[in-house]
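Residues per chain, in single letters:
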Amino acid sequence: MDREIKLDKSWLEVMADEFEKPYMAELQQFLIEEKNRGKTIFPREQERFHALKKTPFNKVKAVILGQDPYHGDGQAHGLCFSVQKGIKPPPSLVNIYKEMGTDLGLTPPDHGCLDKWADQGILMLNAVLTVEAHKAGSHQKKGWENFTDRIIRELENRKKNLVFILWGSYARKKGSFIRKDRHMVIEGPHPSPLSSYRGFFGSRPFSRTNDYLRETGQSEIDWKI
């Protein structure tokens with residue numbers, strides 16, 4: 001991959017050899033060819049690894065796992081479920097805010113940028129880190145899944161007492177190997193309006209995360225944005 005894309009050094013220490021694998025070269029070539037065809041790719045190149053810049057490996061306390069970046073103009077900036085300030089929060093994020101309000105009594109912010117969560121040790125990781133504009137899922141099975149599987153496995157093996165928040169069947173399947181005797185795994189329906197009514201509302205993931213962090217001697221997350 002492009003060495004101009006810089007990660008936090010703690011991630012490079014863990015993941016450096018992954019960038020040398022053939023599939024990563026093939027993925028980089030795919031992205032170059034798509035760009036040369038005039039296709040718009042989200043997020044911007046300098047933001048593809050934003051989650052790994054904002055949340056160093058040694059600071060991770062929790063992981064929220066998404067699937068693909070948002071594919072609308074100006075939305076994706078490298079954190080799952082998050083959008084840039086000035087962009088209307090998408091429906092899934094609106095529902096996340098609703099549950100946060102019910103769970104913790106917090107008033108939803110007037111923006112959708114979740115940088116503050118990432119700064120506190122929440123790795124906001126999409127399984128696939130790029131997407132073609134206005135084509136959901138267009139970069140699936142191009143190699144990103146291998147890369148993010150490695151991220152999850154390194155966290156699972158090298159750390160203890162993390163909280164993994166897995167919303168929806170895709171995230172639950174991707175995180176199926178996480179040892180629940182070693183970490184806290186919070187599973188539930190996806191916050192999308194298509195599935196949130198199946199049990200996302202009332203699942204209290206925010207207070208449950210803080211309860212576990214407190215019980216394991218870690219500082220709680222300030223979920224207020």
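Note that the coordinates shown come from a computational prediction; the quantities given were computed from them, not determined experimentally.

**Q** For this particular structure, what's the right way to read the overall build of the chain?
**A** Secondary structure assignment for the chain yields eight helices and six strands. The order of helices and strands in the chain, counted from the N terminus, is α-α-β-α-β-α-α-β-β-α-β-α-β-α. Relative to its length of 225 residues, the chain is compact, with a C-alpha radius of gyration of 17 Å against a globular reference of 17 Å. Across its three principal directions, the C-alpha atoms of the chain cover 50 × 35 × 25 Å. Out of the 225 residues belonging to the chain, those deemed buried represent 54%. Counting contacts in the chain only where the partners sit at least 6 residues apart, residues at least 24 apart contribute 68% of the total. With the model as given, the accessible surface of the chain reaches about 10600 Å², and the carbon-plus-sulfur share is 48%.

**Q** Can you walk me through the side chain of S92 in this structure?
**A** Counting through the fold element by element, S92 comes out in helix α4 (residues 91-104). On the basis of relative accessible area, S92 is assigned to the buried category, the value being 12%. Here S92 is in contact with F81, H190, P191, S192 and P193, once residues within four sequence places are set aside.

**Q** What is the right way to look at the state of the cysteines in this model?
**A** Simply put, the disulfide is a covalent bond whose two ends are the sulfur atoms of two cysteines. The tally for this structure, following the rule as stated, stands at zero disulfides. With no disulfide partner, C80 has as its closest neighbouring cysteine sulfur the one in C113, 12 Å distant. We classify C113 as buried; its relative accessible area is 8%.

**Q** How should I be thinking about the packing of aromatic side chains in this particular structure?
**A** The geometry of an aromatic ring pair is captured by the separation of the ring centres together with the interplanar angle, meaning the angle of the planes. Taken as a whole, this structure holds twelve aromatic pairs when the rule is applied. With a centroid separation of 6.1 Å and 55 degrees between ring planes, the pair formed by F19 and F49 is classed as tilted. Taken together, the residues F19 in the loop between α1 (9-15) and α2 (22-36) and F49 in the loop between β1 (41-42) and α3 (50-54) connect sequence positions 30 residues apart. Both rings, one in F19 and one in F147, keep their centres 5.5 Å apart while their planes meet at 65 degrees; by these two values the pair is edge-to-face. Residue F19 is found in the loop between α1 and α2, and its partner F147 is found in helix α6 (residues 144-158); the two are separated by 128 residues along the sequence. Judged by relative accessible area, F19 falls into the buried class, the value being 10%. For F147, a relative accessible area of 0% translates into the label buried.

**Q** Looking at this model, I keep getting lost on the sheet that holds strand β6 (residues 184-188). Mind explaining?
**A** The strands that make up a sheet pair up through hydrogen bonds in the backbone, lying either parallel or antiparallel. With parallel pairing, the four strands of this open sheet are ordered in space as β3-β2-β5-β6. Edge positions in the sheet fall to β3 (122-126) and β6, since each of these pairs with one other strand and no more. Here the average twist between neighbouring strands, direction ignored, is 15 degrees. Sitting on the sheet, α6 is in contact with β2 (62-66), β3 and β5 (163-167), with an inclination near 150 degrees to β3.

**Q** Would you mind showing me how to read the environment of P108 here?
**A** Secondary-structure assignment places P108 in the loop between α4 and α5 (115-119). According to the relative accessible area criterion, P108 is partly exposed, its value standing at 45%. C-alpha separation for the pair P108 and F147, spaced 39 residues apart in sequence, amounts to 33 Å.

**Q** Honestly, the environment of D181 in this entry has me stumped. Any pointers?
**A** You can see D181 is positioned in the loop between α7 (169-174) and β6. By relative accessible area, D181 is classed as exposed at 71%. Separated by 21 residues in the primary sequence, D181 and K160 place their C-alpha atoms 9.6 Å from one another.

Rules used throughout
- Note that residues are indexed from 1 along each chain, following the sequence as it is written.
- Owing to the predicted nature of the model, reporting of local features is limited to residues with pLDDT of at least 70; listing and counting of side-chain atom pairs is limited to 80 or more, with chain, interface and lining totals taken over all residues.
- Hydrogens are left out, water is left out, and the side-chain values use all remaining heavy atoms of the structure.
- Only DSSP runs of H or I covering at least 4 residues are called helices, and only runs of E covering at least 2 are called strands; the numbering of each starts at the N terminus.
- A radius of gyration in this sense is built from C-alpha atoms; the matching globule rule multiplies 2.2 Å by the number of residues raised to 0.38.
- Think of it in three bands: residues with accessible area under 20% of the maximum for their type are buried, residues over 50% are exposed, and the middle band is partly exposed, with areas taken using a 1.4 Å probe on protein chains only.
- Contacts: residue pairs with any heavy atoms within 4.5 Å of one another.
- Under the convention used here, a 1.4 Å probe and the Shrake-Rupley method define accessible areas, while residue burial counts only the protein chains that appear.
- Note on terminology: disulfide denotes any pair of cysteine sulfur atoms within 2.5 Å.
- Ring pairs shown here join Phe, Tyr and Trp side chains whose ring centres sit within 6.5 Å, with only the six-membered ring taken for Trp; geometry is labelled stacked below 30 degrees between planes, edge-to-face above 60, and tilted in between.
- DSSP bridges decide pairing: two strands pair if at least two such bridges lie between them.
- Fitted lines through C-alpha atoms serve as axes, helices being fitted only where they are in contact, and the angles separating the N-to-C directions of these axes extend from 0 to 180 degrees.

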